[in-house]
Number of protein chains: 2
Amino acid sequence: MKRTSRDIRTANRYEVLRQIIAESPTSRQELAAATGLSLATVATLVGELLDLRMITEVGFEDSAGGRPRGLVAVDASGGALIGVDIAETYVHVELFDLALNVLARADEDMRPGESRPEQVVGHVAAAVGSVVAQAGVEAARVLGVGVSVPGQVDRDTGVAQYAPNWDWHDVPLLGLLAEHIAHPLYLDNPLRACTVAELWCGAARGRGDAVVVNLGTGVGAGLALGGGLHRGVSNSAGEWGHTTLVLDGRLCHCGNHGCVETYVGAPGIMRNLRELDPHSALLHPGDQTATIDALARAVAQDDPVALKVVRDTARYLGAGISDLINLLNPEVVVLSSWVASRLGEPLLGEVRRAVARHALGRPLAATEIVLSPIPTDPVSLGAATFALEGALQFVGQRTSAKRTTAPARSRTAPPS
Amino acid sequence: MKRTSRDIRTANRYEVLRQIIAESPTSRQELAAATGLSLATVATLVGELLDLRMITEVGFEDSAGGRPRGLVAVDASGGALIGVDIAETYVHVELFDLALNVLARADEDMRPGESRPEQVVGHVAAAVGSVVAQAGVEAARVLGVGVSVPGQVDRDTGVAQYAPNWDWHDVPLLGLLAEHIAHPLYLDNPLRACTVAELWCGAARGRGDAVVVNLGTGVGAGLALGGGLHRGVSNSAGEWGHTTLVLDGRLCHCGNHGCVETYVGAPGIMRNLRELDPHSALLHPGDQTATIDALARAVAQDDPVALKVVRDTARYLGAGISDLINLLNPEVVVLSSWVASRLGEPLLGEVRRAVARHALGRPLAATEIVLSPIPTDPVSLGAATFALEGALQFVGQRTSAKRTTAPARSRTAPPS
């Protein structure tokens, strides 16, 4: 979508807070140098964050020969954020302080067949109640709850438009959640949650253009371009899993043939293994997690079949990532989600070699490929940062810049 | 790259001038409605453009019951712009007024083997001199000269880093041109020139996210995201021609196999024809233009082989464009360059059908695929708009907002 001056001011506010969270304590001068913003702009944004009590003044540092510089730091206790990761078989919820440290976690397992919206909403409400109670934070200090649900979402109306796991169509998820949760609510999907998590706390922080390659059961590429999430005209950008790698290749559940996802998602990797050795002991039919775990353990023991599967997978993945590098010319490509984290360095090494064979020299020289450095669940972290972004988005429009408490009633969409 | 507030102000200035060029005369209120900018922002930007004498006040219109609204229009005579399209066998130069109408054209043919930088520079200087003389404009009114050269360029230093046609490496092209041409000079490549041409005067104008698919001898995808050109971290974004469509498919001159370019560029289409009918009378070996022209004529006469070639090409092209739609979720995909314009509607129809079979429903519903509506050479038009953007880029930084005449000395890069 077209970006406005307000979008940029908002993005700059995010950028300054990100830098303060990463480098507390820090000075306005250091923030200007790190973000490329002018000192005047930084001073204005720091003033807003001080008024919101998200950050505090924490003293002075000497500057060589000049006036002492005021230092600011994030006020971890200035508010709490909740991130909700709704997956096919569980709901995972984390509560964060403003420094994005995890203060509490709660999990709810969903039994097979437990897929009605009210059932899922009940689990989410229970887990959110649990983390608030565990952390002992006042309700008024919770700045918001970000909710990630798989599939297509309309974040403005809070509707889960299509969730393939449960065949949900147009479920007003935030409306249902608002009956149980009295905090501002924000909806998005796991791909975009992982991408904003990298922007706030991971390998995309401070980078101009980044691609976050999500390798899980499904596959996607979150695009962080120009310092912000690229959503596309109808909020569906990033469907890299359904781009063609092998015309007329493997049949994909989307109805096409040869999609990237059929070669490098967990089911695709199981198929790569099955084609190599149909009777492999590594193969746990019907259990993706067990198979990927077995593969990771076998790679660590230099098992030749496991090494070959990783190499084959990296060949497909390297060709697909090279396409992203040639097309978008990003500064960094981040491998994220559970398949990437379990196969780890051995997969990364093979992918780097495959990309070096495939990508054009110029964009290749400008990019690096890394594993996500985020040690916790990136989806709930990303969901929480959606809530943080929501709390920051309308700062300039408030009649008073003084901190307001959380709204008494939840809203499904921010005021326009 | 990360976008700053200044980038956005500059982009807004472009956007307002684009709208004035398209809709003269127009009011500030209509501009605000068309661009989504606030009336205050529009008024400021209109004031700057008036000071620059790029636009003029042209009277008032009644508004229902309110004060009469002032109307502004582009001042076509407020300056001249020159666009230079350097191709493998010719140099084509056009001179435009500020309404982007062509006032003069000049062509220079290059003989085979005439590929030394000084030879090319001589042709460019002669053609630029010719259009200025033909149009009878004073040198001081030429706001700038945009130069498009194939391959990789460093626009900041004015260096042609790699031009595959002539095996140029790190040729300081703008420096050489500045010895002959006393106007500000701006360098870029044809893919990006065609993309900004669509942003200023074509199908991407006023659209948030657009992809300009260039089908020529080479193939690329110019990305106009968030209302501006996406360049990537090292100015090489858009190398869609070298993304993989068929893993292990046709050998590409880049060294890889199965690149999009080997199936849908002019040589790829010739190969599609040859595979279908090695002895086709449509095939002019070694002559891409003659072959594509023959194909276009045969399609118009319902020749079954020609129709099949277009359908085969559209199948490849449709899969590749579906990848762009799924990944980027654009509002519009524009088919540009000479192969697209010669194969025209028959190709467009087949591509639309192929994309409808391939792309995911949600991004497909949000996008349209069109032929470039630009009736003249998009490369020289785009090159001229680079010069126009250059003239507008530093408005806010001038000590006086009053119009300055063109600098006495050319510069190869704008002041930082």
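This one's a predicted model, so the numbers in the text were calculated from it and none came from an experiment. Just so you know, the residues in each chain are numbered from 1, in the order the chain's sequence is written. Both sets of labels track the order of writing: A upward for chains, 1 upward for ligands. The model is predicted, so local features are restricted to residues of pLDDT at least 70 and side-chain atom pairs to those at 80 or more, both for listing and for counting; the totals for chains, interfaces and linings are taken over all residues. The side-chain figures draw on all heavy atoms in the structure; neither hydrogens nor water molecules are used.

### Topic: the packing of helix α8 (residues 266–276) of chain B against helix α10 (residues 304–328) of chain B
Residues and elements named next belong to chain B.
Argument step 1. Axes here refer to lines fitted to C-alpha atoms; in helices the fit is confined to the stretch in contact. Angles between the N-to-C directions go from 0 to 180 degrees. In this text, helices come from DSSP runs of H or I with a minimum length of four residues, and strands from runs of E with a minimum of two, each type numbered from the N-terminal end. Between α8 and α10, the least distance of the axes is 9 Å, while the angle of their chain directions is 125°. On the basis of their axis angle, the class for α8 and α10 is oblique. The handedness of the crossing between α8 and α10 is right-handed. In contact with I269, N272, L273 and L276 of α8, α10 contributes V305, K308, V309, D312, T313 and Y316. Oblique is the label for any angle not under 35 degrees, not over 145, and not in the 65 to 115 range, which are roughly parallel, roughly antiparallel and roughly perpendicular in turn. Should the near helix be turned counterclockwise from the far one by less than a right angle, the crossing is left-handed, whereas a clockwise turn marks it as right-handed. Here, two residues are considered to be in contact whenever any of their heavy atoms come within 4.5 Å of each other.

### Quick word on the sheet that holds strand β8 (residues 152–154) of chain B
Residues and elements named next belong to chain B.
Argument step 1. Pairing between strands is defined by DSSP: at least two bridges between them are needed. Within the open sheet, the three strands sit side by side as β8-β9-β10. Their pairing is antiparallel. The open sheet has two edge strands, β8 and β10 (168–171), and neither has a second partner. In this sheet, neighbouring strand axes are inclined to one another by 15° on average, regardless of whether the strands run parallel or antiparallel.
Argument step 2. For strand β9 (residues 159–163) and β10, the ladder comprises three bridges, and the chain directions are antiparallel. Within β10, the position partnered with A160 by the bridge is V171.

### Things to note about helix α3 (residues 39–51) of chain A
Residues and elements named next belong to chain A.
Argument step 1. Between its terminal C-alpha atoms α3 stretches 18 Å, which fits the 18 Å expected from 13 residues at 1.5 Å a residue.
Argument step 2. Only protein chains enter the calculation, and the probe is 1.4 Å; a residue is then buried if its accessible area is under 20% of its type maximum, exposed if over 50%, and partly exposed in between. Among the residues making up α3, those that are buried are V42, L45, V46, E48 and L49. On an axial view of α3, the arc spanned by its buried residues comes to 155°, and they lie on one face.
Argument step 3. Two residues or fewer past α3, R53 is found with a positive phi of approximately 60°. Here the expected length of a helix is defined as 1.5 Å per residue gap, with one fewer gap than residues. In this context, the arc is that of the directions from the helix axis out to the C-beta atoms.

### Thoughts on the nonpolar core
Argument step 1. The biggest cluster of nonpolar side chains holds 97 residues, and the ones touching the most others in it are A:W240, A:I321, B:W240 and B:I321.
Argument step 2. Setting aside its immediate chain neighbours within four residues, A:W240 contacts A:V213, A:V219, A:G220, A:A221, A:V260, A:L317, A:G320, A:I321, A:L324 and B:L327.
Argument step 3. Only buried residues count toward a nonpolar core. Its members are Ala, Val, Leu, Ile, Met, Phe, Trp, Tyr and Cys residues joined through side-chain atoms within 4.5 Å. Grouped together as the second largest cluster of nonpolar side chains are 40 residues, B:L45, B:C194, B:L388 and B:A391 included.

### Quick word on the domain arrangement of chain A
Interface size is often expressed as the accessible area that is lost when the parts come together.
Residue and element names in this part refer to chain A.
Argument step 1. By convention here, the domain bounds are inherited from an automatic or database domain assignment. Here chain A is described as being made up of domain 1 (5–74), domain 2 (78–193 + 377–397) and domain 3 (205–371).
Argument step 2. Each of domain 1 and domain 2 has a C-alpha centre, and the two are 29 Å apart.
Argument step 3. On the domain 2 side, the residues contacting the 13 residues of domain 1 number 14 residues.
Argument step 4. Interface area, domain 1 with domain 2, both sides summed: about 1,100 Å², of which 70% is carbon and sulfur.
Argument step 5. By definition here, a salt bridge exists when the distance from a side-chain nitrogen of Lys or Arg to a carboxyl oxygen of Asp or Glu is within 4 Å. The interface formed by domain 1 and domain 2 contains one salt bridge.
Argument step 6. Polar contact is the term for a pair of N or O atoms within 3.5 Å; when the atoms are in protein, one must be able to donate a hydrogen and the other to accept it, and sequence-neighboring residues count only if both atoms are side-chain atoms. Remark: the boundary between domain 1 and domain 2 carries two residue pairs in polar contact (both at pLDDT 80 or more).
Argument step 7. For the side of domain 1 that touches domain 2, the element with the most residues is helix α1 (residues 5–23), which contributes seven residues.
Argument step 8. Each residue gets one of three labels, nonpolar for Ala, Val, Leu, Ile, Met, Phe, Trp, Tyr, Cys and Pro, charged for Asp, Glu, Lys and Arg, and polar for the others, Gly among them. Residue classes in the side of domain 1 that touches domain 2 are distributed as seven nonpolar, one polar and five charged. By buried area we mean the combined loss of accessible area, with a 1.4 Å probe, across both parts when two parts are placed together.

### So, the packing of aromatic side chains
Residues and elements named next belong to chain B.
Argument step 1. Between 30 and 60 degrees the pair is tilted, below 30 it is stacked and above 60 it is edge-to-face, where a pair is any two Phe, Tyr or Trp rings, Trp via its six-membered ring, whose centres lie within 6.5 Å. Using the criterion set out here, one finds six aromatic pairs over all chains in the structure.
Argument step 2. Between the aromatic rings of W166 and W168, the centroid separation amounts to 4.7 Å while the plane-to-plane angle is 45°, which identifies the pairing as tilted.
Argument step 3. Residue classification places W166 among the buried residues on the basis of a relative accessible area of 12%.
Argument step 4. Given the relative accessible area of 4%, W168 is considered buried.

### Observations regarding the sheet that holds strand β1 (residues 26–27) of chain B
Residue and element names in this part refer to chain B.
Argument step 1. As summarised here, the arrangement of the three strands in space is β1-β3-β2, forming an open sheet in which the pairing is antiparallel. Each edge of the open sheet carries a strand with a single partner, namely β1 and β2 (55–61).
Argument step 2. Pairing analysis gives two bridges linking β1 to strand β3 (residues 69–74), with the strands arranged antiparallel. Following the sheet pairing, T26 is matched in β3 by V72.
Argument step 3. Sheet strands touched by helix α3 (residues 39–51): β2 and β3. Its angle to β2, the strand with the most contacts, is close to 125°.

### Looking at the state of the cysteines
Cysteine pairs can be covalently joined through their sulfur atoms, and such a bond is termed a disulfide.
Argument step 1. Two cysteine sulfur atoms make up a disulfide if the distance between them is within 2.5 Å. Tallied over the full model, the rule gives zero disulfides over all chains.
Argument step 2. Of the cysteine sulfurs around A:C259, a residue in no disulfide, the closest is that of A:C254, at 3.7 Å.
Argument step 3. Since its relative accessible area comes to 1%, A:C259 is described here as buried.
Argument step 4. We note that B:C194 lacks a disulfide partner, and the nearest cysteine sulfur, in B:C201, lies 12 Å from it.

### Notes on the environment of A:A193
Residue and element names in this part refer to chain A.
Argument step 1. Tracing the sequence through the fold places A193 in helix α6 (residues 190–201).
Argument step 2. Note: C-alpha distance between A193 and D97 (96 residues apart in sequence) is 18 Å.
Argument step 3. Discounting residues that sit within four places of it in the chain, A193 has contacts with S148, P378, V379, G382, A383 and F386.

### Here's the deal with the interface of chain A and chain B
Argument step 1. Each partner contributes to the interface: chain A provides 58 residues, whereas chain B provides 58 residues.
Argument step 2. Buried area between chain A and chain B, both sides added, is near 4,800 Å², and the carbon and sulfur share of it is 53%.
Argument step 3. Scanning the region where chain A abuts chain B turns up two salt bridges.
Argument step 4. Note that B:R315 and A:D248 form a salt bridge whose closest N and O atoms lie 3.1 Å from each other.
Argument step 5. Where chain A packs against chain B, one counts 28 residue pairs in polar contact (both at pLDDT 80 or more).
Argument step 6. Top contributing element to the side of chain A that touches chain B by residue count: helix α10 (residues 304–328) of chain A, with eight residues.
Argument step 7. Here the residues of the side of chain A that touches chain B sort into 23 nonpolar, 23 polar and 12 charged.

### Some points on the pairing of strand β6 (residues 102–109) of chain B
Residues and elements named next belong to chain B.
Argument step 1. In this structure, strand β5 (residues 90–97) lies alongside β6, joined through seven bridges in antiparallel fashion. When the bridges of β6 are listed, Y90 appears paired with D109.
Argument step 2. Counting the residues between successive antiparallel strands, the hairpin from β5 to β6 contains four residues, one of them, L100, with a positive phi of roughly 65°.

### Some points on the side chain of A:T291
Argument step 1. With respect to the helices and strands, the residue A:T291 is situated in helix α9 (residues 288–300).
Argument step 2. For A:T291, the contacting residues outside a window of four places in its chain are A:M270, A:L273, A:L282, A:L283 and A:H284.

### Quick look at the pairing of strand β9 (residues 159–163) of chain A
Residue and element names in this part refer to chain A.
Argument step 1. Counted residue by residue, β9 has four buried out of five residues, so it is predominantly covered.
Argument step 2. Sheet analysis places strand β8 (residues 152–154) next to β9, joined by three bridges and oriented antiparallel. When the bridges of β9 are listed, Q152 appears paired with Y162.
Argument step 3. In textbook terms, the turn of a hairpin is the stretch between consecutive antiparallel strands, and for β8 and β9 this stretch comprises four residues, one of which, G158, has a positive phi near 75°.

### Points about the environment of B:G79
Residue and element names in this part refer to chain B.
Argument step 1. Structurally, G79 can be placed in the loop between β3 and β4 (80–86).
Argument step 2. Exposure remark for G79: the relative accessible area of 6% places this residue in the buried category.
Argument step 3. As a C-alpha pair, G79 and R53 span 26 residues in sequence and 8.6 Å in three-dimensional space.
Argument step 4. Setting aside residues up to four positions removed in sequence, G79 forms contacts with F96, D97, L98, R141 and L143.

### Describing the relation of the copies chain A and chain B
Argument step 1. When the copies are superposed, the least-squares fit takes in the C-alpha atoms of residues with a pLDDT of at least 70 in both. Of the transformation superimposing chain A on chain B, the axial component is 0.0 Å and the angular component is 180°, with the fit at an RMSD of 0.0 Å. Both chain copies can therefore be described as sitting about a two-fold axis. Scanning chain A for the C-alpha nearest the rotation axis identifies A:V246, at a separation of 2.3 Å.

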